[in-house]
Amino acid sequence: MGKRYFCDYCDRSFQDNLHNRKKHLNGVQHLRAKRVWYDLFRDAAAILQEEQTKKPCRKFLQTGQCDFGSNCRFSHMTEQDLEKLSAQVQGEQRSKELQQEGADVPPGTIEDWLEKRAKRLSAAQSNSFPSLCLPCLHIPASERVELAPPRSIHSDSDACRCLLFPCSPDCAAGLIG
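Residues numbered from 1 in each chain as written. Predicted model: local features only at pLDDT ≥ 70, side-chain atom pairs only at ≥ 80, totals over all residues. Heavy atoms only, no water.

Draft legend 1. Here's a closer look at the packing of aromatic side chains. Taken as a whole and assessed by the stated rule, the structure comprises three aromatic pairs. Ring centres of Tyr9 and Tyr38 lie 6.1 Å apart, and the angle between their planes is 45 degrees; this geometry places the pair in the tilted category. With Tyr9 in the loop between strand 1 (4-7) and strand 2 (12-15) and Tyr38 in helix 2 (residues 28-39), this residue pair connects regions lying 29 residues apart in the sequence. Given a relative accessible area of 31%, Tyr9 falls into the partly exposed group. Considering the side-chain rings of Trp37 and Phe41, the 5.2 Å spacing of their centres and the 70 degrees angle between planes classify their relative orientation as edge-to-face. Judged by relative accessible area, Trp37 falls into the partly exposed class, the value being 41%. (Phe/Tyr/Trp six-rings, centres within 6.5 Å; stacked < 30°, edge-to-face > 60°. Helix = DSSP H or I, 4+ residues; strand = E, 2+ residues; numbered from the N terminus. Buried < 20%, exposed > 50% of the residue type's maximum accessible area, 1.4 Å probe, protein only.)

Take a look at the structure:
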């Protein structure tokens with residue numbers, strides 16, 4: 001059968017020879033997939049500049065979908081999206097200016113971290129694990145799920161048996177159920 005070439009951009013494989021590889025690498029699907037991949041890593045300022053020059057896509061605004069998707073030459077961003085992107089660009093510019101001045105830029109406040117943590121915990125609790133303790137994956141007996149890893153399911157005594165990330169020293173020792 002011979003060697004096969006796998007294209008990570010397109011998630012396809014084909015027989016590896018000069019003709020097939022050249023044909024694939026110059027193909028429209030490969031070039032689009034490659035552009036989409038590299039667009040994931042573009043700077044927010046470049047994205048904002050490009051989106052502001054585009055006209056809004058009428059079909060996307062009316063129906064919420066566009067047949068062309070990411071290949072559409074019109075903008076699929078709403079006014080709110082553009083405002084958020086603009087705020088992100090301004091924040092990045094401020095942090096760059098502060099770094100150039102030599103000032104220490106704090107990564108964030110404790111309040112920001114606590115707010116993000118609360119959102120993560122509420123999102124985790126709204127999923128299939130209603131009372132999930134994230135650090136040790138403590139699942140009470142009444143809410144056990146078969147898909148949970150074996151080390152995270154507690155015995156009938158409901159003592160935490162997680163050895164990697166217990167939620168507290170008492171939990172690791174089996175004192176908290």
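Draft legend 2. The arrangement of the pattern of salt bridges in detail. As enumerated under the stated definition, the model contains eight salt bridges in all. Among the ionic pairs, Asp39 bridges to Arg35, the shortest N-O distance being 3.8 Å. With Asp39 and Arg35 both in helix 2 and four residues apart, the pair spans about one turn of that helix. Taking the relative accessible area as the measure of exposure, Asp39 reaches 30% and is therefore partly exposed. Residue Lys119 is joined to Glu115 by a salt bridge in which the shortest nitrogen-to-oxygen separation is 3.8 Å. Here the residue Lys119 and the residue Glu115 both occupy positions in helix 6 (residues 110-126), the gap between them amounting to four residues, near one helical turn. Residue classification places Lys119 among the exposed residues on the basis of a relative accessible area of 54%. Judged by relative accessible area, which is 47%, Glu115 ranks as partly exposed. In this structure, a network of salt bridges that share partners links the residues Arg35, Asp39, Arg42, Glu50, Glu51 and Lys54. (Salt bridge = Lys/Arg side-chain N within 4 Å of Asp/Glu carboxyl O.)

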